[in-house]
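Listed below, chain by chain, are the residues.
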Amino acid sequence: MCLAVPGEVLTIDESDPLLRQARVSFGGVVREVSLATLPEAQPGDFVLVHAGVGISVVDADEAAQLLEDLEQLAELESLEDGGA
Amino acid sequence: HRDVITMAHGGGGSLMHRLIEQVFMAGFSNPALEERHDAARLQVGSGAVAFTTDSYVIQPLIFPGGDIGSLAVHGTVNDLAMAGARPLYLSAGFILEEGLPVELLTQIVRSMRAAADAAGVQLVTGDTKVINRRGNHGVASGGDGMFINTAGIGLIEHNLTIGPRQVHPRDCIVVNGDLGRHGIAVMAVREGIEFETAILSDSAPVAAAVLDLIAAGVAVHCLRDLTRGGLVSAANEIAECSGFSARLDEAAIPVREDVRGACELLGFDPLYVANEGRFIAYVPPEHVEKALDVLRAHARDTRPAMIGTVTDEKPVRVTLDSRIGAPRILDRLSGEQLPRIC
Amino acid sequence: MKYVDEYRDQRAARTLADAIRRTVTRPWTLMEVCGGQTHGIVKFGIDTLLPDGVRLVHGPGCPVCVTPVELIDKAVALAQRPEAILCTFGDMMRVPGSAHDLLSVKAQGGDVRMVYSPLDAVTIARKNPDRSVVFFAVGFETTAPANALAVRQAARDNLGNFSILSAHVLVPPAMRAILSAEDCAVNGFLAAGHVCTVMGYREYEPIAQEFRTPIVVTGFEPVDILQGILLCVRQLEQGRATVANQYRRSVTREGNAAAQALIHEIFQASPRKWRGLGEIPDSGLALRPEYAAFDAEQRFGLAHLAAEESTRCISGDILRGLKRPNECPAFAVDCDPEHPLGAPMVSSEGACAAYYRYRRDEQPSAQVKG
């Protein structure tokens, strides 16, 4: 139920609003995906795609925040064990 | 339920392995076969000869980067190369299905001829049979199918013994390029995935590279091409036959970014995906640099790499140090990888 | 790949593993709900980085593991109809029914096709007007929008030859069933990130409170899983039990409103049998009456077809973390990946398959590199 992969929205075909078919690139692999349940998604956004349908727009700020939290944790950890 | 052959038996995994061992090896067992190598090594008069056979049943018949014809030539030549032989002659048995357009057959034969010329081999004998049209259950083409069985003969001009039993615990494992292109190129046609930069099958002859390795004095202990079941099946076969474990490093294994993208999308692991122009060589550590130099000279748009080492860890198995540095066992799948959602 | 490779970083994984080791003072059993998380744990060897005190139990969140034998038999029956094309995700091909699996039905001539998306099945229906195309609609809330969209598209384009065999299931009712059993061994949950991407995590808050169990909404990459474990053991060590969101780049508390509306328009809650857990009220999704025309069970009269689970398979105890696979008498005897007795041995990351591969003899040597 859970294999969802982030891809970059290249183009969106708005001619059929029910499907909102888009071409999405996954590391250079392009596949037709429906953005029917992501009305706010635009070309250039990264979307999470599962079974051919977009289920969320990736939140770039939160994505970066997680990496920063880890940096701080790494510094904390290295202090705790004497900077080994 | 009674055991029937299923697609899973064709996937290069443990079901195929068990079928080979329990049905074919049991049925035909003899010393040359027991080597379980890509090509049998035979003494014919005073000369040593390599002899191999293979069948090609690929769907679709034409795929990005090749077709069933060029694939048949490359696959047979590569099996001979795995014995360090110079490929010389091929045979081809065609099984044609009612309804196959002659024009398509002509195109495939033309492509076979071009591949044979490029690999420096001649197709010297052939046969043709026709079968009636099968239903098209699940088979995209349905009705215009064809199958090719080949055999190949090559001359062994070196005096190395190349095979799993020559593998040493300190050996390094070298691969001649990035993995997964063939399996993904074919699957993409079936799954309707296109690529910004086309992923072409890596189908290509590797005999020249192998012969250069030997000519450069690299002590090649074992060779194995990475076809059905990918790197994991080949590494497991060699580990089993040699009696030594192998430890691979995921970060060192080259996989193209778009091949990885397709694998993430379909839920595949690239280490299990089929290749048609890739092989692994087991060489002593002191010969790794020389081996990589030789392979780089033959690598057009890819880069060879050292991807692991042989160890004497027991029980015998293949393990992988994952990208995050934690170990896991690389077991054979029972059948073929299937696109998955979970 | 963007938003993937960054979360497979060795240094970050080591940092989190050390933090977990430093935090844990007593043994804890955590359940990762989703099969995709199990796959990540097994694929990257995450369990070898954890201190012995943290035990991970594979949860019920994989359609292969929980789809009852009855529904496999219905899919097999459909695939055996000459006029039918049975489309399915690859995951379901080797799940054992009472007599056959879909792979052997295909081998005997049944037209069974693997698709990447339910929308591909609608395309197949449009291209084969004289055939009955049935999509085996398994999956959790993550897959519900795609299945709902397929039905709505078929309705709009009035494709009378398309229908779905709905085998949809929902996570919260299953989580409640696992926690309600008095012998429940699970102390904390890693909730399925992509289910919550669609549904949000508000519906888990009453569960955490009622059962005093921490629930951390967790992603699928190694760094996500390790951070999810860290957040969960921290709560356990501090005696807290709340819902925390580790997977913030994809999940919000409210989830995807458009997807929820689409699901609500096509499906309604229904009782559902789970392989190994029995029937759980309101734990499934069935087509609403106005879309009954697209219900393959009604169209082909399959409602009566019943089947009992194999009594020899203890997948229920495995799914609830009460037993380990090697405590099952059939394990690696007459149940192995080539002849699976039950679903947890079929899926390559089902608990029994993972155990068969790794712990059949002993744990791989866990010397971590560098």
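Residues numbered from 1 in each chain as written. Chains lettered and ligands numbered in written order. Predicted model: local features only at pLDDT ≥ 70, side-chain atom pairs only at ≥ 80, totals over all residues. Heavy atoms only, no water.

**Student:** Please explain the overall build of chain C as it appears in this structure.
**Tutor:** Within chain C, the regular secondary structure consists of 15 helices and 11 strands. Along the first, second and third principal axes, the C-alpha atoms of chain C reach 65 × 50 × 45 Å. When each of the 370 residues of chain C is scored for burial, the buried share is 65%. Across chain C, contacts joining residues at least 24 apart in sequence account for 78% of those joining residues at least 6 apart. Total accessible area on chain C is roughly 12600 Å²; 51% of this is exposed by carbon and sulfur atoms. (Helix = DSSP H or I, 4+ residues; strand = E, 2+ residues; numbered from the N terminus. Buried < 20%, exposed > 50% of the residue type's maximum accessible area, 1.4 Å probe, protein only. Contact = heavy atoms within 4.5 Å. Areas by Shrake-Rupley, 256 points an atom, 1.4 Å probe, with all protein chains shown as cover.)

**Student:** Is there a simple way to think about helix 7 (residues 144-156) of chain C in this case?
**Tutor:** Because each turn of an α-helix spans 3.6 residues, side chains separated by three or four positions end up pointing in the same direction. Residue and element names in this part refer to chain C. Over its 13 residues, helix 7 runs 18 Å from end to end, which matches the ideal 18 Å to within 8%, given 1.5 Å per residue. Of the positions making up helix 7, those classed as buried are Ala144, Pro145, Ala146, Asn147, Ala148, Leu149, Ala150, Val151, Gln153 and Ala154. Looking one or two places after helix 7, you find Asn158, whose phi comes out positive at around 25°. (Expected span 1.5 Å × (residues − 1).)

**Student:** Help me understand the interface of chain A and chain C, please; the structure alone is not making it clear to me.
**Tutor:** Interface size is commonly expressed as the accessible surface area that is lost when the partners come together. At the interface, 42 residues of chain A touch 51 residues of chain C. Taken together, the two surfaces of chain A and chain C that pack against each other cover about 3700 Å², and 67% of this comes from carbon and sulfur. One can count five salt bridges joining chain A with chain C. Residue Arg11 of chain C pairs with Glu71 of chain A through a salt bridge whose shortest N-O separation is 3.5 Å. Our count for the contact surface shared by chain A and chain C stands at 12 residue pairs in polar contact (both at pLDDT 80 or more). For the side of chain A that touches chain C, the elements supplying multiple residues, two or more each, are strand 1 (5-12), strand 3 (29-34), strand 4 (46-50), strand 5 (53-57) and helix 1 (60-80) of chain A. Here the side of chain A that touches chain C is composed, by residue class, of 26 nonpolar, seven polar and nine charged. (Buried area = accessible area lost by both parts, 1.4 Å probe. Salt bridge = Lys/Arg side-chain N within 4 Å of Asp/Glu carboxyl O. Polar contact = N/O pair within 3.5 Å; in protein donor to acceptor, adjacent residues only side chain to side chain. Nonpolar A, V, L, I, M, F, W, Y, C, P; charged D, E, K, R; others polar.)

**Student:** Would you explain the confidence of the model for chain C in this entry?
**Tutor:** All names here are of chain C. For chain C, per-residue confidence averages 91 on the pLDDT scale, and residues scoring 70 or more make up 96% of the total. Counting interchain partners and residues more than four positions distant, the pLDDT-below-50 stretch residues 362-370 has 24 contacts. Reported confidence for the predicted complex is 0.90 by ipTM and 0.91 by pTM. (pLDDT = per-residue confidence, 0-100.)

**Student:** How do you make sense of the sheet that holds strand 6 (residues 122-131) of chain B when you look at a structure like this?
**Tutor:** By way of backbone hydrogen bonds, the strands of a sheet pair with one another, either parallel or antiparallel. Residue and element names in this part refer to chain B. Read from one edge to the other, the open sheet built from five strands follows the order 1-2-7-5-6, with strand pairing classed as mixed. For this open sheet the edge positions go to strand 1 (40-44) and strand 6, each flanked by a neighbour on one side alone. Pairs of neighbouring strands in the sheet enclose a mean axial angle of 20°, with direction left out of account. Of the strand pairs in this sheet, strand 1 and strand 2 (residues 47-56) are connected by five bridges, and their pairing is antiparallel. (Pairing = 2+ DSSP bridges. Axes fitted to C-alpha atoms, helices over the stretch in contact; angles between N-to-C directions.)

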